[in-house]
Amino acid sequence: MFYYDFQIVLQEVPGEISLCFSICGCKLKCNGCHSGHLWTEKNGKILLEQFFTETIDKYLDYATCVLFM
């Protein structure tokens, strides 16, 4: 799986503090998409298990949700 960036977001899931990974390689390519840069996997980096688990561990006491967009 490829991801473009990681952010901590508050609005995408109401009432949750979300760790948000923007995933690359969307095959839908919807008309009017505001995230066209996510259509191509090569625009991102491989989401390595080590980075993912380190990120989860880092924010374990704060985040209440993990979100893949």
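This text goes with the structure placed above it.
Computed from a predicted structure; not experimentally measured.

1. Regarding the overall build of the protein chain
Counting its secondary structure elements, the protein chain contains one helix and four strands. The linear arrangement of helices and strands in the protein chain, starting from the amino end, is β-β-β-α-β. If you line up the protein chain on its principal axes, its C-alpha atoms span 40 × 30 × 15 Å. For the protein chain, buried positions account for 26% of its 69 residues. A separation of at least 24 residues holds for 53% of the contacts in the protein chain among residues at least 6 apart in sequence. Here the protein chain has roughly 5,200 Å² of accessible surface; of this, 56% comes from carbon and sulfur atoms. Computing the positive centroid from 5 side-chain charges and the negative centroid from 8, the protein chain places the two 15 Å apart.

2. Some thoughts on the pairing of strand β4 (residues 65-68)
Burial along β4 is one-sided: Cys65 and Leu67 are buried, while Val66 and Phe68, pointing the other way, are not. Examined bridge by bridge, strand β2 (residues 18-24) and β4 share four bridges and lie parallel to one another. Across the sheet, residue cysteine 20 finds its bridge partner in β4, namely leucine 67.

3. Overview of the sheet that holds strand β3 (residues 45-46)
As summarised here, the arrangement of the four strands in space is β3-β1-β2-β4, forming an open sheet in which the pairing is mixed. Two strands in the sheet have a free side with no partner beyond their single neighbour: β3 and β4. Together, β1 (2-9), β2 and β4 form the strand contacts of helix α1 (residues 49-58), whose direction differs from that of β2 by roughly 160°.

4. A short note on the nonpolar core
Of all hydrophobic cores here, the largest spans six residues; its members are Tyr3, Leu19, Phe21, Ile23, Leu47 and Tyr59. Excluding residues that lie within four positions of it along the chain, leucine 47 makes contacts with Met1, Phe2, Tyr3, Phe21, Phe52 and Phe68.

5. What about the side chain of threonine 55?
Here threonine 55 lies in helix α1. Beyond its immediate stretch of four places on either side in the chain, threonine 55 contacts Phe6, Leu19 and Phe21.

6. Quick look at a nonpolar patch on the surface
Taken together, the side chains of Met1, Val66 and Phe68 define a hydrophobic patch exposed on the protein surface, amounting to about 290 Å² of accessible area. You can see methionine 1 is positioned in the segment before β1.

7. Section: the packing of aromatic side chains
Under the defined criterion, the tally for this structure stands at eight aromatic pairs. When the ring of phenylalanine 21 is compared with that of phenylalanine 51, the centres are 6.4 Å apart and the planes differ by 90°; the resulting orientation is edge-to-face. Note that phenylalanine 21 is positioned in strand β2 and phenylalanine 51 in helix α1, a separation of 30 residues in sequence. Taking the relative accessible area as the measure of exposure, phenylalanine 51 reaches 30% and is therefore partly exposed. On the numbers, 6.0 Å between centres and 25° between planes, the contact of phenylalanine 52 with phenylalanine 68 is stacked.

About the criteria used
Residues numbered from 1 in each chain as written. Predicted model: local features only at pLDDT ≥ 70, side-chain atom pairs only at ≥ 80, totals over all residues. Heavy atoms only, no water. Helix = DSSP H or I, 4+ residues; strand = E, 2+ residues; numbered from the N terminus. Buried < 20%, exposed > 50% of the residue type's maximum accessible area, 1.4 Å probe, protein only. Contact = heavy atoms within 4.5 Å. Areas by Shrake-Rupley, 256 points an atom, 1.4 Å probe, with all protein chains shown as cover. Lys, Arg positive; Asp, Glu negative; His and termini not counted. Charge placed at Lys NZ, Arg CZ, Asp CG, Glu CD. Pairing = 2+ DSSP bridges. Axes fitted to C-alpha atoms, helices over the stretch in contact; angles between N-to-C directions. Core = buried A, V, L, I, M, F, W, Y, C linked by side-chain atoms within 4.5 Å. Patch = residues over 30% accessible without salt bridge, like charges linked within 9 Å, V, L, I, M, F, W, Y side chains within 5 Å. Salt bridge = Lys/Arg side-chain N within 4 Å of Asp/Glu carboxyl O. Phe/Tyr/Trp six-rings, centres within 6.5 Å; stacked < 30°, edge-to-face > 60°.

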